[in-house]
Amino acid sequence: TDGTVMTLGPGDPDMLWLCKGCGPAAGVVTRVVLRTHRPPTPDGLVRCRSLQSSSLDVTLLRDCVHAAAHSPAGCSMDMMVFSGRRGGLHLGICLYDMHAPLVAPTLEKSLPASLVQVGSESAVTPVQLLYSDPIQEFPPSNQTEKNCGFFVRSLLFNKSGLTDAAVKLLEAVRAAPTDLCYVHLQHCGGAIADPVARSRSCFCTGDVEYSLVIIGCWAKKGDASVCERWVRESAAQLVPKACAVYSTDLGPTDMELGRGMFGRHTGRVNQMREEADPDRRLVCLPLCKL
């Protein structure tokens, strides 16, 4: 924190480990050089297929989590849990496949028969996927207006933790204060769970299968406080089964969630920050208060 400019490389494994996953708590990163990889498919496209169920229960959700956990790297399965306008819980799924030949059809066969395909399969570049995520075509995302407000908190789960938390997850969505609120399950696709990859970053704890994003959304300003409270209460109910908490969303009042930001890496992260920034000039809430 004395203004020294550092160029980190393979010879700085500890600082690289801290920077990759600790966000602004480690310093200000001004430039990043990334190694590129050839896409696994000849055309470099990602195949996307959407499925939906209008009657979601704990068994269906757990079956989908089990199927996702056994999908190969390069094939992932995002899910969205939301309430229908006429009541009941709904599940939207998007399968993403970067293989040649495709393996998503094999994964789809392992899913419950109650899931039906929505629309037709699409093929997009990874860049296009960033700007037009098919999972956002499910309600309530496709019903939100530009002036809607949002409040978000995210937890990280492995397969067993999410299976155990399934009941409370569905209870949380049932208790949502508006029909624009939902839970987005972002599949890690095996990348974070890779033992080599996780040893190079302080992010997360290892065998993470899903990032569970609790999204409170409102169209009326009067619903803002109740939606924020719903997100916080839902996160508090689910965090005991989580591996870690996604730190980027947290603020100065998230002390309890903040204690789970780095899972088993928290002690090492705090020790390294204390050595690099003893005066705590880099304000990273709530880590700077822990």
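The shown structure was predicted, so the numbers you read here are calculated from the model rather than taken from an experiment.

Draft legend 1. Fine view of the overall build of the protein. For the protein, the count of helices and strands is nine helices and eight strands. Contacts spanning at least 24 positions in sequence make up 76% of the contacts within the protein whose residues lie at least 6 apart.

Draft legend 2. Broad picture of a nonpolar patch on the surface. Together, V29, V32 and L34 make up an exposed nonpolar region whose accessible area comes to about 330 Å². Here V29 shows up in the loop between α1 (13-22) and β1 (46-53).

Draft legend 3. Seen up close, the environment of C217. Along the chain, C217 turns up in strand β7 (residues 210-218). The sequence separation of C217 and C227 amounts to 10 residues, and the corresponding C-alpha distance is 6.6 Å.

Draft legend 4. Quick peek at the packing of α1 against helix α9 (residues 266-276). Put simply, α1 and α9 touch, their axes get as near as 11 Å, and they point 110 degrees apart. When the axes of α1 and α9 are compared, the pair comes out roughly perpendicular. For the pair α1 and α9, the crossing hand works out as left-handed. Counted together, D14, M15, W17, L18 and C22 of α1 and R268, V269, M272 and R273 of α9 form the full contact between these two elements. Partitioned by chemical class, the residues of the contact of α1 with α9 number six nonpolar, no polar and three charged.

Draft legend 5. Quick peek at the sheet that holds β7. Read from one edge to the other, the open sheet built from eight strands follows the order β4-β1-β3-β2-β6-β7-β5-β8, with strand pairing classed as antiparallel. Each having just a single partner strand, β4 (116-124) and β8 (244-245) make up the two edges of the open sheet. Relative to β8, strand β5 (residues 149-157) is paired through two bridges, and the arrangement is antiparallel. By the bridge assignment for β8, L156 is matched with A244. Relative to the sheet, helix α2 (residues 58-69) contacts β1, β2 (75-83), β3 (89-97), β6 (182-187) and β7, its axis offset from that of β2 by approximately 160 degrees. Running at roughly 25 degrees to β2, helix α5 (residues 159-174) makes contact with β2, β3, β5, β6 and β7 of the sheet.

Draft legend 6. Geometry of the pairing of β7. Burial analysis of β7 places nine of its nine residues in the buried class, which makes it a mostly covered element. Residues Y210, L212, I214, G216 and W218 of β7 are buried on one face, and the alternating residues S211, V213, I215 and C217, pointing to the opposite face, are buried as well. As judged from the nine bridges shared by β5 and β7, these two strands associate in the antiparallel manner. Within β7, the position partnered with R153 by the bridge is I214. Across six bridges, β6 lies against β7 in antiparallel orientation. Following the sheet pairing, H184 is matched in β7 by V213.

Draft legend 7. Representation of helix α7 (residues 224-238) within the structure. With 15 residues, α7 extends 21 Å between its outermost C-alpha atoms, agreeing within 8% with the 21 Å of an ideal straight helix rising 1.5 Å per residue. Along α7, the residues that are buried comprise C227, W230, V231, S234, A235 and L238. All buried residues of α7 lie within an arc of 125 degrees about the axis, which places them on one face of the element. On its buried face, α7 is in contact with β5, α5, β6, β7 and α8 (255-258).

Draft legend 8. View of the packing of α5 against α7. Across the interface, α5 lies against α7 with an axial gap of 10 Å and an inter-helix angle of 170 degrees. In this view, α5 runs roughly antiparallel relative to α7, as classed from their interaxial angle. For the pair formed by α5 and α7, the contact residues are A165, K168, L169, A172 and V173 on the first element and W230, S234, Q237 and L238 on the second. Split into classes, the residues belonging to the contact of α5 with α7 amount to six nonpolar, two polar and one charged.

Draft legend 9. Region of interest: the nonpolar core. Formed by 53 residues in total, the largest nonpolar core has its most connected members in M79, L169 and L185. Setting aside chain neighbours within four positions, we find L185 in contact with L61, M77, D78, M79, V81, L162, L169, Y210, S211 and L212. With 13 residues, the next largest nonpolar core counts C48, C94, V124 and Y182 among its residues.

Draft legend 10. Expanded view of the packing of aromatic side chains. Evaluation of the coordinates by the stated rule reveals zero aromatic pairs. A cation sits over an aromatic face here: R268 above W17, 3.7 Å from the ring centre.

Draft legend 11. Examining α5 more closely. Along its 16 residues, α5 runs 22 Å from first to last C-alpha, staying within 8% of the 22 Å computed at 1.5 Å per residue. Along α5, the largest kink reaches about 50 degrees and is centred on A166. Here α5 has its buried residues at G161, L162, A165, A166, L169, L170, A172 and V173.

Draft legend 12. Representation of the pattern of salt bridges within the structure. The tally for this structure, following the rule as stated, stands at five salt bridges. Across the pair R268 and D14 runs a salt bridge, and its minimum N-O distance is 3.1 Å. Taken together, the residues R268 in helix α9 and D14 in helix α1 connect sequence positions 254 residues apart. Overall, D14 belongs to the partly exposed group, its relative accessible area being 45%. A salt bridge links D254 to R232; its shortest N-O distance comes to 2.6 Å. Here D254, found in the loop between β8 and α8, pairs with R232, found in helix α7; they are 22 residues apart in sequence, far enough to count as distant.

About the thresholds
- Residues numbered from 1 in each chain as written.
- Predicted model: local features only at pLDDT ≥ 70, side-chain atom pairs only at ≥ 80, totals over all residues.
- Heavy atoms only, no water.
- Helix = DSSP H or I, 4+ residues; strand = E, 2+ residues; numbered from the N terminus.
- Contact = heavy atoms within 4.5 Å.
- Patch = residues over 30% accessible without salt bridge, like charges linked within 9 Å, V, L, I, M, F, W, Y side chains within 5 Å.
- Areas by Shrake-Rupley, 256 points an atom, 1.4 Å probe, with all protein chains shown as cover.
- Salt bridge = Lys/Arg side-chain N within 4 Å of Asp/Glu carboxyl O.
- Axes fitted to C-alpha atoms, helices over the stretch in contact; angles between N-to-C directions.
- Parallel < 35°, antiparallel > 145°, perpendicular 65-115°, else oblique.
- Left-handed = near helix turned anticlockwise from the far one by under 90°.
- Nonpolar A, V, L, I, M, F, W, Y, C, P; charged D, E, K, R; others polar.
- Pairing = 2+ DSSP bridges.
- Buried < 20%, exposed > 50% of the residue type's maximum accessible area, 1.4 Å probe, protein only.
- Expected span 1.5 Å × (residues − 1).
- Arc of directions from axis to C-beta.
- Core = buried A, V, L, I, M, F, W, Y, C linked by side-chain atoms within 4.5 Å.
- Phe/Tyr/Trp six-rings, centres within 6.5 Å; stacked < 30°, edge-to-face > 60°.
- Lys NZ or Arg CZ within 6 Å of the ring centre and 35° of its normal.
- Bend = angle between axes of the 7 residues up to and from the residue.

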